[in-house]
Amino acid sequence: MDYNFREIEKKWQKEWVDHRTYKVTEDPNRPKYYVLNMFPYPSGAGLHVGHPLGYIASDIYARYKRLNGFNVLNPMGYDAYGLPAEQYAIKTGQHPAITTEQNINRYREQLDKIGFCFDWDREVRTCDPHYYHWTQWAFEKMFNSYYDNDLKKAQPIDKLIAHLERQGTEGLNVAQGDDTVSFTAEEWNAMDDKQKSDALMNYRIAYKGETMVNWCAGLGTVLANDEVVEGVSVRGGFPVVQKKMSQWCLRVSAYAQRLLDGLDTIQWSDSIKETQKNWIGRSEGTEVEFRVKDSDVKFTIFTTRADTMFGVTFMVLAPESDYVSQVTTEGQKAEVDKYIDYVKKRTELERMSDRKVTGVFTGSYAINPLTGDAIPIWVSEYVLAGYGTGAIMAVPAHDSRDYAFAKHFNLPIIPLIEGADVSEESFDAKEGIVTNSPCEGKQGLDGFSLNGLTVKEAIAATKKFVTEKGIGRVKVNYRLRDAIFSRQRYWGEPFPVYYDNGIPRMVPEECLPIELPEISEYKPTESGEPPLGRAKKWAWDTVNKQVVENAKIDQKTVFPLDLYTMPGFAGSSAYYLRYMDPHNEEELVSKKADEYWRHVDLYVGGTEHATGHLIYSRFWNKFLYDYGVSCEEEPFQKLINQGMIQGRSNFVYRVGELSTADKPVFVSYNLRKNYKEVTPIHVWVNLVKNDILDIEAFKQWSPEYKNAEFILEDGKYVCGWAIEKMSKSMYNVVNPDDIVRDYGADTLRLYEMFLGPVEASKPWDTNGIDGCFRFLKKLWSLFWENRTDKWLVDDAEPSKDSLKSVHKLIKKVTGDIEAFSYNTSISAFMICVSELGQQKCHNREMLRDVVILIAPFAPHIAEELWHQLGEKGSVCDAQWPKWNEAYLQDNELQMTVSFNGKARYQKMFPADASKDDIQQATLDDERSKKYLDGKQIVKVIVVPKKIINIVIK
RNA sequence: GCGCCUGUGGCGGAAUUGGUAGACGCGCUAGACUUAGGAUCUAGUUGCUCACGCAGUGCAGGUUCGAGUCCUGUCAGGCGCACCA
């Protein structure tokens, strides 16, 4: 009987579906394990071989855990909202739901062929109202919450309102917007609804704010910071400008410290933790208040170099800063306005590509609180409005940006560190002894001086001094910005928000979900409203039927609904919780399910989500944790980042001087140097095997190659190759379906893992796949003799060698899977199977263990062999074998004898020989005499089981 | 500029705590069986050398009886952040 993978795989995939082999339910008697893949966005292109890499890796781990007695949750679903379906809809008028559904079906078909152990009963789709119900619900919960800095957790907004009613903003320590507002209880109580609503927006975790946003005209929508790279949109590469707009935002910044601290409690790679740390950007410094000369205006700056306060020679405000208008003098107003106008017109891209020194003097002076000096206040775009306070003190001697500015505008530079030469460039290092603080002949405030201290000491001393004097305070700043949460798009979750006289109100919880309406066209409206502006009738229906009735408001009133939709990361921020209890209509996840599954134990996905999804969902989960909805503060315990699979393109070489329009001539790779005009042309990789072109297939590939001629080497046409991104235009996309058809799913699974470490990026190269295919055939031939079709399995006593081979394998594979070192596991399988073959071992027990071990990697063949061995049930429910150390021991040890660290010869010893025996026997050995030869023995080092090193002089 | 990671044959990649570098696979070479081989099997395959041997993990040093592994410097490639005060 041959290894007929087509029949085997078809048969078992059907059995698994029929028997619900992978269905999982909460079972308090078994330990749980939660394996999760980042769910895919179902794109129209379908899967290529790179996509399943992570799924296979996690599938192996899930199966391994199950074989070890764990109750394993391994779900799959779809991140179904997204831009491509919507852009396709704009072009063709086809509803994105239809496109998405088609793509999902295609994905599912492809996934099913690979033999994953997903529990499809738990599938979720972010675009399903039963699912986004809970996305909207979480948003409402965030709207109705604020962040208490003392308790370090989210709290119901009612608690804050009660505080405001009692004592205003007095004694409040909460996360809030950039402008700290304060008012009394009387003032609060005197406010009308609209004013109160506006004031609360400053505290809500989900809030609507007038903020600087990344506006992408090309996409017609705003974008979050992680969706913009180098001034252009990640999707589409359109330019992005900064614009002030009223948008929904999430106060992610409130959780900055917890997001940072949480990283120490989870097992993620250093590089991704580092990326998140950078993104959060914690920076400890000092805030100092500067008074404006001849004015009541005061403003605050943030600095990490408090030690340099004696060297401040000018101040700089961000162009967007509110202080600009307050400090600009009449005489400078025209020039400042002109400058601000210029800055506004520049896109992010321009700002980044040309870093010109620009700026303008406001006409005002600030008073340095330590020296009493009056220093000019400037405006420049190099100071960012979004970071710190949007204002800085400039110390040109010790900051390169300030230095460039000072040189350009001829402002003074005072060096503050002994021996620092600032004639050519600034001295930015945070080291040295402080001088000129204050300068000779001058006096610091109350005699304050930093001279003679190290930089570190000076920073500490200044912090202490300004705090005591009440002119400053220690402050921690974060680079992490609040997430802009609304998009001017159609294909996303609608906001459960309606407007009552301009006041945003949440749709009552019992009316959720607010379903995405049908609209006639997917473009923005003529008046510039988002696409949902076209859904007037729907808005009326929804509001009246669902909201107004419920709120018992006059039926004739039509409240406008919010016309925005939520961004892509909304739906992916809590999907791991929903998988725990996907059909629950009452809550996001039941207490019981959540407390059983708790959190994802193993999360597998790409690094590209490091500063997006992986930050947002940690934030989202922490918020839900504060309310006890999620019982773990960190959602993803261990994270594995699978590498990207690049494409391996093949080329044919067209010879210009020999080709005509209807008869092109191609030269084989190694002969191309013999011709002058040789043009490489991408050729579809499916027409090439082991870099040899299938000439007939190539001729049929395209009409223009019908009459092609070939200059061959050794009777073959050899193609060139290159590593490129896997893409249609390079003709290097490899479809897993083709591999499954030609080699089977088990070979595909093995080969994807054998390519290299899961975490490494590597090119797909089908050339090596035969090795894995051969291995499975060899495994098969331990059971069946191909020629005679004879069943070989017997119950004869296994030899010592066979026991050793199999137990070595058990030990190796167990260790390797735990370490996600799948490629070395497969090597071990190859060695073991080849050893058993040589030993002619067909022992039932040995083979049974091998079948269980291979089951996570190649489940189909394992299941088939399992049944042929006469075992009952599925191999999935077998018990993972344990190795026996006794079988692994040798009765003889082969050790290497070296002299002065140089290996010389091999020597055999009894396994139980003592160190002294080994040492003596080695010194007595004839071969040793040659190297000893009258030299003195300094030391003998015996490394157990490995090496004897004799140090001689 | 700051931070992080990686450098091993023709290729993908192996090497517990420092202990015979190159496992395993691809490719290549030779042989066997074949009408045939892009099937299968066997043997070989880091380089130089007929050989004994010698050299060898980006480069230069260091620690050690012994370094791919540890330390210092340096070069190259990749990733993240970036006018963040």
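Residues numbered from 1 in each chain as written. Chains lettered and ligands numbered in written order. Predicted model: local features only at pLDDT ≥ 70, side-chain atom pairs only at ≥ 80, totals over all residues. Heavy atoms only, no water.

### Remarks on the overall build of chain A
Helix and strand counts for chain A stand at 31 helices and 35 strands. Seen along its three principal axes, the alpha-carbon backbone of chain A occupies a region of about 100 × 90 × 75 Å. When burial is assessed residue by residue, chain A has 54% of its 953 residues classed as buried. Partitioning the intrachain contacts of chain A with sequence separation of at least 6 by distance along the chain shows that 71% fall at a separation of at least 24. When the accessible area of chain A is evaluated, it comes to approximately 43500 Å², of which 49% is carbon and sulfur surface. Side-chain charges of chain A comprise 117 positive and 137 negative groups, with the mean position of each set lying 3 Å from the other. (Helix = DSSP H or I, 4+ residues; strand = E, 2+ residues; numbered from the N terminus. Buried < 20%, exposed > 50% of the residue type's maximum accessible area, 1.4 Å probe, protein only. Contact = heavy atoms within 4.5 Å. Areas by Shrake-Rupley, 256 points an atom, 1.4 Å probe, with all protein chains shown as cover. Lys, Arg positive; Asp, Glu negative; His and termini not counted. Charge placed at Lys NZ, Arg CZ, Asp CG, Glu CD.)

### Focus: the pairing of strand 35 (residues 947–952)
Here strand 32 (residues 892–899) pairs with strand 35 via 4 bridges, running parallel. Paired with F899 across the two strands is I950, which belongs to strand 35. Bridge count between strand 34 (residues 937–943) and strand 35: 6 bridges; the pairing is antiparallel. In the strand pairing of strand 35, K939 is matched with V951. Linking strand 34 to strand 35, which pair antiparallel, is a turn of 3 residues; within it K945 sits at a positive phi near 65°. (Pairing = 2+ DSSP bridges.)

### Here we look at the packing of helix 2 (residues 52–67) against helix 23 (residues 745–754)
Contact geometry of helix 2 with helix 23 gives a least axis separation of 10 Å together with a crossing angle of 100°. Between helix 2 and helix 23, the angle falls in the class roughly perpendicular. In contact with P52, L53, I56, A57, D59, I60 and R63 of helix 2, helix 23 contributes R749, E752 and M753. The residue makeup of the contact of helix 2 with helix 23, split by class, is 6 nonpolar, no polar and 4 charged. (Axes fitted to C-alpha atoms, helices over the stretch in contact; angles between N-to-C directions. Parallel < 35°, antiparallel > 145°, perpendicular 65-115°, else oblique. Nonpolar A, V, L, I, M, F, W, Y, C, P; charged D, E, K, R; others polar.)

### Details of the protein's contact with RNA strand B
In the region of RNA strand B, 46 residues are neighbours, and T304, R401, L755, R774 and N949 sit closest. Near the protein, within 4 Å, the atoms of RNA strand B are sugar or phosphate in 57% of cases. Contact between RNA strand B and Y382: a sugar or linking oxygen at 2.7 Å from a main-chain N or O atom of the residue. L755 has a polar backbone atom sitting 2.5 Å from a sugar or linking oxygen of RNA strand B. Secondary-structure elements contributing two or more residues to the surface near RNA strand B are helix 10 (270–280), strand 11 (298–303), helix 24 (769–781), helix 26 (822–838), strand 32, strand 33 (902–910), strand 34 and strand 35. (Near = heavy atom within 4 Å. Polar contact = N/O pair within 3.5 Å; in protein donor to acceptor, adjacent residues only side chain to side chain.)

### With respect to the pattern of salt bridges
Once their charged atoms are close, side chains differing in charge can pair, the charge on each being opposite to the other. One pass over the structure, following the stated rule, counts 52 salt bridges. As a salt-bridge pair, D121 and K23 come within 3.2 Å of each other at their nearest N and O atoms. Taken together, the positions of D121 in the loop between helix 4 (96–112) and helix 5 (129–143) and K23 in the loop between helix 1 (5–18) and strand 1 (32–37) put the pair 98 residues apart, joining distant regions of the chain. In this structure, a network of salt bridges that share partners links the residues R258, R618, K622, D626, E633 and E634. (Salt bridge = Lys/Arg side-chain N within 4 Å of Asp/Glu carboxyl O.)

### Remarks on the environment of I817
By the secondary structure assignment, I817 is in helix 25 (residues 800–818). Taking the relative accessible area as the measure of exposure, I817 reaches 0% and is therefore buried. For I817 and P369, which are 448 residues apart along the polypeptide, the C-alpha to C-alpha distance reads 63 Å. If sequence neighbours within four positions are ignored, I817 has contacts with Y61, Y64, Y822, S825, F857 and W880.

### A few points about the sheet that holds strand 34
Taken in spatial order, the 4 strands make up an open sheet running 33-32-35-34, and their pairing is mixed. At either end of the open sheet lies a strand with only one pairing partner, and these are strand 33 and strand 34. Direction aside, the axes of adjacent strands within the sheet are offset by 20° on average.

### So, the packing of aromatic side chains
If you walk through the whole model with that rule in mind, you get 69 aromatic pairs. A centroid spacing of 6.2 Å and a plane angle of 80° characterise the contact between F302 and Y387, whose relative ring orientation is edge-to-face. Of the two residues, F302 sits in strand 11 while Y387 sits in the loop between strand 14 (374–379) and strand 15 (391–394), which places them 85 residues apart along the sequence. Residue class for Y387 comes out partly exposed when judged on its relative accessible area of 29%. Residues Y490 and W491 carry aromatic rings whose centres are separated by 6.5 Å and whose planes lie at 25° to one another, so their mutual orientation is stacked. Across the pair, exposure class does not vary: Y490 and W491 are buried alike. (Phe/Tyr/Trp six-rings, centres within 6.5 Å; stacked < 30°, edge-to-face > 60°.)

### Quick notes on the nonpolar core
Judged by nonpolar contacts, the single largest core of 196 residues is most densely connected at W248, L250, F485, L779, F783 and Y822. Per-element accounting of this core gives the leading share, 9 residues, to helix 2. Y822 has contacts with A57, I60, Y61, M753, V758, I817 and F857, leaving out every residue within four places of it along the chain. The next biggest cluster of nonpolar side chains, apart from the first, holds 34 residues, and it includes V288, V312, I340 and V379. (Core = buried A, V, L, I, M, F, W, Y, C linked by side-chain atoms within 4.5 Å.)

### A closer look at the confidence of the model for chain A
Of the residues in chain A, 99% have a pLDDT of 70 or more, and the chain-wide mean is 90. If you check the scores for this complex, the pTM reads 0.93 and the ipTM reads 0.94. (pLDDT = per-residue confidence, 0-100.)

### Side note on the environment of E210
Within the fold, E210 resides in strand 5 (residues 206–216). Assessed through its relative accessible area of 53%, E210 is described here as exposed. Each C-alpha atom, one on E210 and one on S246, is 4.2 Å from the other, the two residues being 36 residues apart in sequence. If near-sequence neighbours (up to four positions away) are discounted, E210 is found in contact with K244, M245 and S246.

### Comments concerning the sheet that holds strand 2 (residues 71–73)
Taking strand neighbours across the sheet as the criterion, the 4 strands line up as 2-1-20-21 in an open arrangement whose pairing is parallel. Two strands lie at the open edges of the sheet, namely strand 2 and strand 21 (636–641), each paired on one side alone. Shown here is a sheet whose adjacent strand axes are inclined to one another by a mean of 20°, direction ignored. Each of strand 20 (600–605) and strand 21 is contacted by helix 20 (residues 613–626), which is oriented at about 175° to strand 21, the strand it contacts most.

### So, unusual backbone geometry
S437 connects to P438 through a cis peptide bond whose omega is 0°. Put simply, L512 and P513 share a cis peptide bond, and its omega is 0°. With respect to the helices and strands, P513 occurs in the loop between strand 19 (503–506) and helix 16 (536–551).

### A few points about a nonpolar patch on the surface
On the surface, I941, V943 and I947 cluster together into a nonpolar patch covering about 190 Å² of accessible area. Along the chain, V943 turns up in strand 34. By relative accessible area, V943 is classed as partly exposed at 34%. (Patch = residues over 30% accessible without salt bridge, like charges linked within 9 Å, V, L, I, M, F, W, Y side chains within 5 Å.)

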